[in-house]
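Fold and geometry: a report
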Amino acid sequence: MSSLAAGSKRAAAVTLRVEGMACASCVARVEKAISAAPGVASAAVNLATKRASVTFSGSPDIEAVVAAIRKAGYETAIETARFNIEKLNCASCVNRAERAFKSVPGVVEANVNLAAKTGTVRFVSGATSPEALAKAASAAGYPAREIKLDAGSDSRPDEGRAEADSLFRALFLALVLTAPVFALEMGAHAIPGVHDFIMATIGMQTSRIIQFALTALVLFGPGLRFFTAGFPALWRGAPDMNALVALGSGAAFAYSTLVTFAPGLFPAGTSHVYFESAAVIVTLILLGRSLEARAKGRAGAAIERLIGLKPKTARLLRDGSVVEVPLEDVAVGDIVLVKPGEKVPVDGQVVEGSSFVDESMLTGEPRPVTKGVGANVVGGTINTTGSFSFRVAKIGADTVLAQIIRMVEEAQGAKLPIQALVDKVTAWFVPAVMAVAALTFAIWLWLGPEPSLSYALTLTVAVLIIACPCAMGLATPVSIMVGTGRAAELGVLFRKGDALQTLSNITAIALDKTGTITKGHPELTDFLVAPGFDRAEVLGLVAAVEARSEHPVAVAIVAAAERAGAARKQAVEPASKGWWPFSSRRSEANGRSAVKFAAKPGLGVEAEVEGRHVAVGADRFMAAKGVDVSAFAEAAARFGEAAKSPLYAAIDGKLAALIVVADPIAPGARQAVEALRGQGLEILMVTGDNRCAAEAIAKAVGIEKVVAEVLPEGKIEALDQLRARHRAIAFVGDGINDAPALARADVGLAIGSGTDVAIEAADVVLMSGDLAGAATAVALSRVTMRNIKQNLFWAFAYNIILIPVAAGALYPAFGVLLSPMLAAGAMAFSSVFVVTNALRLRRFAPPLRGGASAEGARSLAPAE
């Protein structure tokens, strides 16, 4: 929990929500614990409202109270609020906005994202409110408004486009006004004929007055935004990028204005004007911000596309007729009709009809998925062929699409550990630049050549303008935005932002078997019939018996029989009931009565079908029935070594068939393992299955190390042993029993088709439902982190090298000075470079697409 500055805790009383209280004794314990915390004057706990009112004798120390509550065995609820924040321009703004949030008592953590212009704040429930947090940020100069959970982010793309359009209009006007100023001043210096023409027509003084008027229109028209934001920040003692631009261009304009209208105030030889510098500075910085805004818009394109997936209306079936209503009017339980080519409006379950639905927005895979009665459909997916109706199950913020958007936004708004260095530097960067600028002015005024005042002013302006905390502030968040957005397009959702950096550092990965490497459900793989029996007849009789069972193996056998077209017949009650061990149940099928299906747990099932006794089960079951299975002994042994389960069928006491069932290896599992190994990872299979089956599966997909026959706690022990040899490890799983391991690993990756518990415990969700997503996640995390490091190197190197150059460090040795106009161009270019470099992540190609190798995934080749 981040510390809260003591000096900022002004409230005398705070109300906290306390979880876990059940009786009056709990109330007494919590009150006693809180009262013992430092600085607490009194405490009153209400069991009904689960709230504690704490009065402090001095500045409230919320952390001490929270620690005391937890030590007593209870918890304080933590809430999360997200905000849109205005007037964020550079890394210094980010730091000040975060400090404003953290100054509110009860705040646990605050992260502000410069690229997305959003903030995420975690706070103790009851200690403060989103309204108070927004007020604190607004008071610090950064107007904030809460993003409501159920409101989504529909307005974000529009706001981004509006900002970009506004900047473009300002740039166009500034360019039109600046061009004559530049031509009058620089043209006169560069081309003798232009100078002679100006002197012969309007004269030097008139030229300067024209420049003054046009530059004033630039600075106080399109450039006014820098002054209205920069000077208030300067008065608050919190200068930002706007302050640097306002000081630099303002100083050049003010000096030139005095030279124009009061030249007698200056020594001979110093009456030069710099109107063109002030105008060009503003124009170039507007150009940089315009390009940056458009590039950032492309960086957030993934979120915009996700939002665009949500349809505006839905067709409801009401009173026998179809009514088209706004999406906001759809309620849980409504019946919605979806026609070919339409988007599924919300989540639900099919009640009539069938179709193929394109779920690529979820999984990243373009293959349409069959949907029939009982199947779940997700809002935002596209119906391709048939029509169907479904009953609405989830609406608004509860839909899968809304949750995906929320997860991507949270990941994009996260602050990675690598950002800590940037935060430390940018905390003092702008004040340091202003100090360097002041020192530059003093040195050049004292030691510079004549006219020293002109040199001092020019280089001071250059220092103020060339410094770029924008590039430093954008280096990390814009890469996160593009990287996590591209991941979402490929079916990889980073639930926790820091997982992006941690995953890039892993050197080993542990994989669950069932549902991760294998499909997770058994299938009939082989069906061998004994001599004298007909394959179709035996399969039909066996399926008729297994149809009465809900065991996964039975389901697999029945499904195979249906695919093969074998007749499915119901088991009927035998003539003799004496051996029937289970209670009967009756049903009608094909005009016959069917009753009394018998199952022997762990052994098999038996029944009579059309007067024939059919038994299906393991070799132990056959032995108990006196059926000799030696005819299939060799084949059964061979299948067992291949991690398949051999079962037997007997008809009227005679061995009829060998039934082989297995949980097949998932398509592409071997290629995914090879891709992970190609990225330098040690791979371990961890499973609760028996060792023989586990080793057979591991051998089939190319995994050498196996930990088998372990319970959930055994998986944790295996991870701990693996971590002893590696700096960071990941775990991939899908089941409830995988949740502890997913939480214990440095990064947990949950198969999206798995259980909700597993997904909640994971850091990354693989919506594609297969292991290939893990290879994609690792490759993308590494590419993204490399991109972030490139951006940070550029941002720091740019400032470290060019600020001294702007201050005149090269002049004594090489006679080189940097014009303020070139400084403005370089500053604008630095931010655009960082954003453009991050946009290369949009071309990331996953390692298993189109035969690409894992090594190929490390490049930024265009995706297919």
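Residues numbered from 1 in each chain as written. Predicted model: local features only at pLDDT ≥ 70, side-chain atom pairs only at ≥ 80, totals over all residues. Heavy atoms only, no water.

Going by what an unreviewed UniProt entry lists, the protein chain is known as Heavy metal translocating P-type ATPase and is assigned to Methylocapsa polymorpha.

1. Focus on the overall build of the protein chain
As a reminder, the rule being used: Comment: elements are numbered from the N terminus, with helices defined as DSSP H or I runs of at least four residues and strands as E runs of at least two. Whether a residue is buried, partly exposed or exposed follows from its accessible area with a 1.4 Å probe, protein chains only, as a fraction of its type maximum: under 20%, in between, or over 50%, in that order. Contacts are assigned to residue pairs with any non-hydrogen atoms lying within 4.5 Å of each other. Surface exposure here means Shrake-Rupley accessible area, sampled with a 1.4 Å probe, where a residue is shielded only by the protein chains that are shown.
Scanning the protein chain for helices and strands turns up 30 helices and 32 strands. Residue burial in the protein chain is summarised as follows: out of 864 residues, 53% are buried. In the protein chain, the proportion of contacts linking residues at least 24 apart, taken out of those at least 6 apart, comes to 68%. Total accessible area computed for the protein chain in this model is approximately 36,400 Å², and 59% of it derives from carbon and sulfur atoms.

2. A short note on the confidence of the model for the protein chain
Definition in use: One confidence number per residue, pLDDT, is output by the predictor and ranges from 0 to 100.
Here the protein chain shows a mean pLDDT of 81. Residues at 70 or above account for 87%. For the protein chain, strand S21 (residues 586–589) is the element with the lowest average pLDDT, namely 32, and strand S19 (residues 508–511) is the one with the highest, namely 95. Residue range residues 1–11 is modelled with pLDDT below 50. Its contacts to residues more than four positions away, or to other chains, number 24 contacts. Every residue in residues 850–864 is under pLDDT 50, and counting partners more than four places away or in other chains gives 34 contacts.

3. Examining the pairing of strand S26 (residues 645–651)
Put simply, the rule reads: Strand pairing is defined by DSSP finding a minimum of two bridges between the two strands.
The buried count for S26 comes to 5 of 7 residues, which makes it a mostly enclosed element. Where strand S25 (residues 612–617) and S26 come together, 4 bridges link them in antiparallel fashion. Along S26, the bridge assignment pairs alanine 615 with alanine 650. Both S26 and strand S27 (residues 654–662) contribute to a ladder of 7 bridges, which runs antiparallel. Pairing of leucine 647 across the sheet is with isoleucine 659, part of S27. Between S26 and S27, which pair antiparallel and follow one another directly, the connecting turn spans 2 residues, one of which, aspartate 652, has a positive phi of 55 degrees.

4. Structural notes on the pattern of salt bridges
In plain terms, the rule: Within this document, salt bridges are pairs made up of a side-chain nitrogen of Lys or Arg and a carboxyl oxygen of Asp or Glu, the two lying within 4 Å of each other.
On inspection of all chains with the given rule, the structure shows 21 salt bridges. For glutamate 489, the salt bridge identified is with arginine 486, shortest N-O distance 3.2 Å. Linking glutamate 489 with arginine 486, this pair stays in helix H17 (residues 477–489), spanning 3 residues, or about one helical turn. Judged by relative accessible area, glutamate 489 falls into the partly exposed class, the value being 27%. Overall, arginine 486 belongs to the buried group, its relative accessible area being 11%. Linked through salt bridges whose partners overlap, the residues forming this network are Asp720, Arg723, Arg744 and Asp746.

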